[in-house]
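As a plain string of letters, each chain reads:
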Amino acid sequence: MSLITNKEKEIINYLYAAEQDAVEVIKVTDDYPELTIEEAYGLQDGLLAHKLVENGTKKIGLKLGLTSKAKQEMMGVNEAIYGVLHNDMLAYEWEPVVHAQLIHPKAEPEIAFFMDQDLKGADITEEDVINATKYVAPAIEIIDSRYKDFKFTLVDVVADNCSSAKFIVGSKWVSPDTVDLGNIGMVMTKNGKVAATGSSAAVLGHPATAITWAVHQLAARGKGLKKGDIILSGAMSGAIAFDSGDSIIAEFDNLGSVSMFCK
Ligand code: 0L1
Ligand code: MG
């Protein structure tokens, strides 16, 4: 990251503290209405650099947000967003997620992509994305906006690393060319009752299209995806709020299932 300003330092400390203390805070644009989307993406890098110093946190991939038309309309935008996946966000099916460490978490069913090659450039296509992917797998992303009542502007949510908190990957990993990735149905249950249904088509028409969009965005910032990166391609349904004691299972056509328990 380029030299960090006092303003950036202040915002990073503010959002970091909100996450560490698991308390919701007033959105940053209330104090910094002039903040731009470009600065907000810079803050994601600043937050990672801060966590590296504090806890040795490393980047392990990327997540996409606002990939459905419904969510874009809700936010009054016509573009997706992306955030950075950190190693300490990786959670496991066999290890309960601790509600007390989160603010107001919600679960999203997503398809995870595991990259087998670096991928960079404004001319990358969906086919390039598929060819560069070793496996796809079912995943649950846990989002947990640091902002009061989960309310924010586009700039706020990008600065808050797109509400990223945790994610869990299921145990069935398949080669991307063995499934029809643009048409995967999904049912998510909470405590045994259907809580959401969806399709991978809700993710910008096809999850690989969403990742292609992200690669183009990264290219404009001189960046790209790396071999070994995990990419959460975007939510296949609305996000479901959960509490301690709740158990969530997302079952995907041809991709198996992924589960989580919250204590
Ligand atoms: O992963 C997501 O789709 C969330 C993106 C940020 C918007 C939100 O927190 O709902
Ligand atoms: Mg998500």
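Reading the values: the criteria
Residues numbered from 1 in each chain as written. Chains lettered and ligands numbered in written order. Predicted model: local features only at pLDDT ≥ 70, side-chain atom pairs only at ≥ 80, totals over all residues. Heavy atoms only, no water. Near = heavy atom within 4 Å. Polar contact = N/O pair within 3.5 Å; in protein donor to acceptor, adjacent residues only side chain to side chain. Areas by Shrake-Rupley, 256 points an atom, 1.4 Å probe, with all protein chains shown as cover. Core = buried A, V, L, I, M, F, W, Y, C linked by side-chain atoms within 4.5 Å. Buried < 20%, exposed > 50% of the residue type's maximum accessible area, 1.4 Å probe, protein only. Helix = DSSP H or I, 4+ residues; strand = E, 2+ residues; numbered from the N terminus. Contact = heavy atoms within 4.5 Å. Expected span 1.5 Å × (residues − 1). Pairing = 2+ DSSP bridges. Axes fitted to C-alpha atoms, helices over the stretch in contact; angles between N-to-C directions. UniProt positions renumbered as here; feature names shortened; annotations may be inferred.

As annotated in an unreviewed UniProt entry, the chain is 2-oxo-3-hexenedioate decarboxylase from Virgibacillus litoralis.

## Examining the site of ligand 1
Neighbouring ligand 1 are 13 residues, the closest being Lys63, Lys71, Glu108, Glu141 and Ser163. Within the side chain of lysine 71, an N or O atom sits 2.9 Å from an oxygen atom of ligand 1. In the environment of ligand 1, an oxygen atom lies 2.9 Å from a nitrogen or oxygen atom belonging to the side chain of glutamate 108. In isolation ligand 1 offers 300 Å² of accessible surface; the protein chains occlude 96% of this area.

## Considering the nonpolar core
Ranked by internal contacts, the top residues of the largest apolar core, which has 71 residues, are Ile111, Leu225, Phe252 and Met260. For this core, the leading source of residues is helix H7 (residues 207-220), giving seven residues. The residues contacting methionine 260, other than those within four sequence positions of it, are Val97, Ile140, Ile142, Ile168, Phe242, Asp246, Ser247 and Ile248. Leu85, Met89, Ala139 and Leu232 belong to the second-largest nonpolar core, a separate cluster that totals eleven residues.

## Points about unusual backbone geometry
For alanine 22, which is not glycine, the phi torsion reads 55 degrees and is therefore positive. On the secondary structure map, alanine 22 appears in the loop between helix H1 (6-21) and helix H2 (28-31). Even without being glycine, serine 163 reaches a positive phi, approximately 65 degrees. On the secondary structure map, serine 163 appears in the loop between helix H6 (154-159) and strand S6 (164-169).

## What about helix H3 (residues 37-55)?
For H3, with 19 residues, the first-to-last C-alpha span of 27 Å sits near the 27 Å given by 1.5 Å per residue. Of the residues flanking the end of H3, it is glycine 56, one or two places downstream, whose phi is positive at about 75 degrees.

## Some words on the sheet that holds strand S12 (residues 256-261)
With antiparallel pairing, the four strands of this open sheet are ordered in space as S8-S7-S11-S12. Of all the strands in the sheet, just strand S8 (193-199) and S12 have a single pairing partner and so form its edges. Each strand of the sheet is rotated relative to its neighbour by a mean of 15 degrees, with strand direction disregarded. Pairing of strand S7 (residues 185-190) with S8, which is carried by six bridges, proceeds in the antiparallel orientation. Looking at the pairing, valine 187 lines up with threonine 197 of S8.

## Points about the UniProt feature "domain: Fumarylacetoacetase-like C-terminal" (unreviewed entry) in the chain
Under the local residue numbering, the UniProt record ascribes the feature "domain: Fumarylacetoacetase-like C-terminal" (unreviewed entry) to residues 103-258. The annotated region residues 103-258 carries 17% helix and 35% strand content, and the separation between its end C-alpha atoms amounts to 23 Å.

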